[in-house]
Amino acid sequence: MRDLELFIQLFEDLLAFVYHCFDRIVIHGYLSGLSRPEQVVYFFREVLGIPMLSKEVLSQRTHDYQGWVEAYARNHHIPIEWAEKGLRKEDQVLPALRRMEKQDTYGVYFIFKSMELGRTFRISVPKYPTQDPNYRILAQQRSRLTHYYFYIQDETLGPIVMRVASFFPFHASYGLNGHSFMERERSKAGIGFHKNDNAFLAVEDVTALPAAADRLSPQIIRKQLDYWTLILGPKFSNKERGQINLSRFYAIAPIEYCRNFIFKRHFPIHKIFERSCEIGLWRLTANRISEIFGVRLHKRLRGKLAHVIDQIEHGHHVSRAYWKNAFLKQYEKFSRFLRNELCSNNLRDFGLKKGLDHLDAVRKRFQTITDRFAGFQAQCLNVHVDFPLLQRLALPISIGSVRYPGIKLHDARTIRLLEVLLHGGNTVGGWTTKQIHESLLAAFQLSANAYALNQLRYDLRKLKGHGLLERDGPRYAYRLTAKGVQVALLFLFFHKRLCGPLANSRFHHQPHPAHRPDSKLEVAYHKADKAIQQIVDLLAAA
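Residues numbered from 1 in each chain as written. Predicted model: local features only at pLDDT ≥ 70, side-chain atom pairs only at ≥ 80, totals over all residues. Heavy atoms only, no water.

A closer look at the sheet that holds strand S17 (residues 469-471)
Now for step 1: The strand order S16-S18-S17 describes an open sheet built from three strands, whose pairing is antiparallel. Since the sheet does not close on itself, it has two edges, and those belong to strand S16 (431-432) and S17, each with one partner.
Now for step 2: Sheet analysis places S16 next to strand S18 (residues 477-480), joined by two bridges and oriented antiparallel. Within S18, the position partnered with tryptophan 431 by the bridge is tyrosine 478.
Now for step 3: Seen against the sheet, helix H15 (residues 453-465) touches S17 and S18 and runs at an angle of roughly 100° to S17. (Pairing = 2+ DSSP bridges. Helix = DSSP H or I, 4+ residues; strand = E, 2+ residues; numbered from the N terminus. Contact = heavy atoms within 4.5 Å. Axes fitted to C-alpha atoms, helices over the stretch in contact; angles between N-to-C directions.)

Below, the structure written as structure tokens:
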């Protein structure tokens, strides 16, 4: 099975350890008894005894909660400020978090206020009179209102962020990180570790990391969120709670799941990531992305389906494979590890439910997808110069009474055909001969006379005879086999990464053997030139 084990085998001399966990979870909390307009009307009229619902009545509850937050911050000596535009909140509260960690205390350490869009209710008078003069129309809308960001150091979950809207229905959202929970678990168990930002770079007991990640259960999360919601959320009396259900329903969106490959040495990480990006641009086609995400590709697929390489701040690059409302990204960090991270904004794309109770199902599904991605990269990175394979492909073979000619490494027609099949052959069910021919002519600016359709049929027959190409059942549509993918990558990388640079160096000035100044730099230059010439001679002899 080509999965994580194959990826680890490729880099067993370089990898220190591998672990997986939820990198970021955003949970939305809805008051189950006050989320719909009719529930709000019932609450004010039947529970509180207010006959006519108005904007002033709703605003009074908002003013009461805002006054309570100001008093809470004042009594507990907690800084409370308006968030500045363009300033990252996490960077501004970091000194306060460091002080709390140094003092080994827990609780709220900072509060931000921010004007943001949120869910509210609009009250309007009916156009036509009704039998009830106090009847008002209550409808949901989105408007700008004050939100409070509570930055909390939790004893179990570590640093979390709780955002509460100050207007009905008091929507709340919570942000937490699985690495913080694992850090708390390692500290309680007395296991030494080195953690930088949101990654473990060293740990005494490697086998305990996955177990700590799996212990982040819905029950633990709900217990802590219920506690902080009771402490910091809007206040309701016992009478109000007794007559209407005011429990919170927690829903997940968005969510990030990561798999980290920690390396022992720094130097190979960038090269591995660079080659993974190259392979991704070649091989992460629509068909392959659908296979990794475990879905069937069809014409009615909504959302984004592409692979790109983005450049973020400080010149770092990120390889992203988009699928619907999710994307799978890979990047290097701290020159110490590679991270494969799956991000989803809508769990319905995966056939999963968004309730917090289904967190374990999300973990299993996301772990399977990251396994497939690691397996895909292992299959592509496990390409090396296999000279016996090249020799076998160069020899003609006979299958029954049919004789197939050999495939030469220097054959330009074969290189062009493999490049088109590898880079663009993403049609479900394979490509027809006519489609391949049109793509070849367009990609390499060839005329129909320079490369006729009969010549393409001859080349396809040759590839099929060597087991590099297969037909889609009885149809005359072709796609590369698993062996064909490996051979195509080998041929193309051999030409683009080795033969191309060496051939280009033949047209540049070489150092004269008799000119040898007394300089270490010149001596090294002559030595390097001689070694490159030996490689060229060996390739020519082969």
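Having put the structure on the table, let's press on.
Considerations on the pairing of strand S1 (residues 15-31)
Now for step 1: By the criterion of burial, S1 is predominantly enclosed, with 14 of the 17 residues buried.
Now for step 2: Pairing between S1 and strand S9 (residues 248-263): 14 bridges, direction antiparallel. Each bridged residue has a counterpart across the sheet, and for valine 18 the counterpart in S9 is phenylalanine 261.
Now for step 3: Sheet topology places S1 next to strand S6 (residues 172-176); five bridges connect them, and they run antiparallel. In the strand pairing of S6, isoleucine 27 is matched with tyrosine 174. (Buried < 20%, exposed > 50% of the residue type's maximum accessible area, 1.4 Å probe, protein only.)

Topic: the packing of aromatic side chains
Now for step 1: For the coordinates displayed, the defined rule picks out 26 aromatic pairs.
Now for step 2: Taken together, a centroid distance of 6.2 Å and an interplanar angle of 35° make the contact between phenylalanine 293 and phenylalanine 350 tilted. Taken together, the residues span a long stretch of sequence, with phenylalanine 293 in helix H10 (residues 286-293) and phenylalanine 350 in the loop between strand S13 (337-344) and helix H11 (359-381) at a distance of 57 residues. Exposure class is identical for phenylalanine 293 and phenylalanine 350. Each is buried. (Phe/Tyr/Trp six-rings, centres within 6.5 Å; stacked < 30°, edge-to-face > 60°.)

Examining the side chain of histidine 171
Now for step 1: In this structure, histidine 171 sits in the loop between strand S5 (158-165) and S6.
Now for step 2: On the basis of relative accessibility, which here comes to 13%, the residue histidine 171 falls in the buried class.
Now for step 3: One polar contact links histidine 171 to histidine 28, side chain to side chain, over a distance of 3.4 Å.
Now for step 4: Each residue touching histidine 171, except ones within four places of it in the same chain, is listed here: His28, Gly29, Tyr30, Arg163, Val164, Ala165 and Arg248. (Polar contact = N/O pair within 3.5 Å; in protein donor to acceptor, adjacent residues only side chain to side chain.)

Considerations on the pattern of salt bridges
Now for step 1: This structure, assessed with the given rule, holds 22 salt bridges.
Now for step 2: For aspartate 91, the salt bridge goes to arginine 88, with nearest N and O atoms at 3.0 Å.
Now for step 3: Among the ionic pairs, arginine 339 bridges to glutamate 341, the shortest N-O distance being 3.9 Å. The two residues arginine 339 and glutamate 341 agree in class, both being buried. (Salt bridge = Lys/Arg side-chain N within 4 Å of Asp/Glu carboxyl O.)

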